[in-house]
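Examination of the molecular architecture
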Amino acid sequence: MRVHFDFSAIRKIRWYEYAVRFLFGGAITAATGLVAAHFGPVVGGLFLAFPAIFPASVTLVAKHELEKKQKVGKDGTTRGKKAAALDARGAAMGTFGLGFFAIVIWKLLPVWNSMAVFSFAILTWLIVAILIWYAEQHRPV
Amino acid sequence: MGPLIFRFVVGGIIVSAFSILGDVLKPRSFAGLFSAAPSVGLATLGLTIVTEGKLYAAREGRSMIAGAVAFFLYACLCIHLLVRNRWGAMAASVFSFSAWFVGAFGLWFLVLK
């Protein structure tokens, strides 16, 4: 399937769903700082890859699929779970990009300009994640 | 308290931005890539460089590799619970935190400690 943007999805999200993500995202970022301050950078760094908003996102995905099916008089429970599993599958592939992002930060931050390292790390994350997703899509069955 | 609130706001904005990007992208599996975006890392590392320096942030980056491996285990358990055990999305995604903690602190104990 071709990758595309569907901006109508924004209208389907309720204000409190945005608020939940903001709160979870803010809370885990603040908590990561506290953990690092208390236990040091080695333990604190683990939480930079904590699936902070994943439960909120995946639950919303399942809920929206369920509502879509219920509108046409069908039980969307299975469809909701399948959509959530697809999201989780994408996340599993994305973790490879996340790992490479971390390697770039670890190896290059001490020797390069910070902005250059961040830009290169984001680019690395994006390229690795997309390549793995593409390879998975074109994997011979 | 000030820096903590600053972290909270910056983290909330960056995490929400990646999350919205995931909402508008299709297909679903591609959008899922953004669930594992380095949003917390971006929000935290920039502030850490300013307050603690680049070497401190680089050490966090090293541990983040273990966190990413743990995130992979987390996602795998979540898929298993959703597809094979037919758990609900909330229950599966919350229970799977156990895989993240075992993976992250297991690697910390074996490799990073």
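Use the structure listed above.
Residues numbered from 1 in each chain as written. Chains lettered and ligands numbered in written order. Predicted model: local features only at pLDDT ≥ 70, side-chain atom pairs only at ≥ 80, totals over all residues. Heavy atoms only, no water.

Structural notes on helix 4 (residues 54–83) of chain B
The first and last C-alpha atoms of helix 4 of chain B sit 42 Å apart over 30 residues, in line with the 44 Å expected at 1.5 Å per residue. Taking the largest bend as the criterion, helix 4 of chain B deviates by roughly 25°, centred on Ser-63 of chain B. (Helix = DSSP H or I, 4+ residues; strand = E, 2+ residues; numbered from the N terminus. Expected span 1.5 Å × (residues − 1). Bend = angle between axes of the 7 residues up to and from the residue.)

Details of the packing of aromatic side chains
This structure, assessed with the given rule, holds 24 aromatic pairs over all chains. Ring geometry for Trp-15 of chain A and Tyr-16 of chain A: centres 6.0 Å apart, planes at 90°, overall edge-to-face. In this structure Tyr-16 of chain A comes out as partly exposed when scored by relative accessible area, which is 37%. When the ring of Trp-125 of chain A is compared with that of Phe-18 of chain B, the centres are 5.7 Å apart and the planes differ by 80°; the resulting orientation is edge-to-face. Within this pair, whereas Trp-125 of chain A is found in helix 6 (residues 114–137), its partner Phe-18 of chain B is found in helix 1 (residues 2–24), the two belonging to separate chains. Given the relative accessible area of 3%, Trp-125 of chain A is considered buried. Through a chain of ring-to-ring contacts, three or more aromatic side chains come together here, namely Phe-47, Phe-50 and Phe-54 of chain A together with Phe-71, Tyr-74, Phe-97, Trp-100, Phe-101, Phe-105 and Trp-108 of chain B. The residue whose ring lies beneath Lys-107 of chain A is Trp-106 of chain A, and the NZ or CZ to ring-centre distance is 4.1 Å. (Phe/Tyr/Trp six-rings, centres within 6.5 Å; stacked < 30°, edge-to-face > 60°. Buried < 20%, exposed > 50% of the residue type's maximum accessible area, 1.4 Å probe, protein only. Lys NZ or Arg CZ within 6 Å of the ring centre and 35° of its normal.)

Quick word on the layout of surface pockets
Put simply, the largest pocket is a space of about 530 Å³. Around the largest pocket, the lining comprises 21 residues; the ones closest to its centre are Lys-12, Val-61, His-64, Glu-65 and Lys-68 of chain A. Of all the secondary structure elements, the ones that give two or more residues to the lining of the largest pocket are helix 1 (8–12), helix 4 (54–71) and helix 5 (77–108) of chain A. A per-element tally of the lining of the largest pocket places helix 4 of chain A first, with eight residues. Roughly 300 Å³ of internal volume is contained in the second largest pocket. What lines the second largest pocket is a set of 16 residues, and nearest its centre among them are Gly-33 of chain A together with Pro-3, Arg-7, Thr-51 and Glu-52 of chain B. For the lining of the second largest pocket, the elements supplying multiple residues, two or more each, are helix 2 (15–39) of chain A together with helix 1, helix 3 (39–52) and helix 4 of chain B. If you tally residues by element for the lining of the second largest pocket, the top one is helix 3 of chain B, at six residues. Its residues assigned to classes, the lining of the second largest pocket comprises nine nonpolar, four polar and three charged. (1 Å grid on protein atoms, 1.4 Å probe; cavity = no way out; pocket = protein on both sides within 12 Å on 5 of 7 lines; lining within 4 Å. Points joined across faces, edges and corners; volume = space filled by probe spheres on them. Nonpolar A, V, L, I, M, F, W, Y, C, P; charged D, E, K, R; others polar.)

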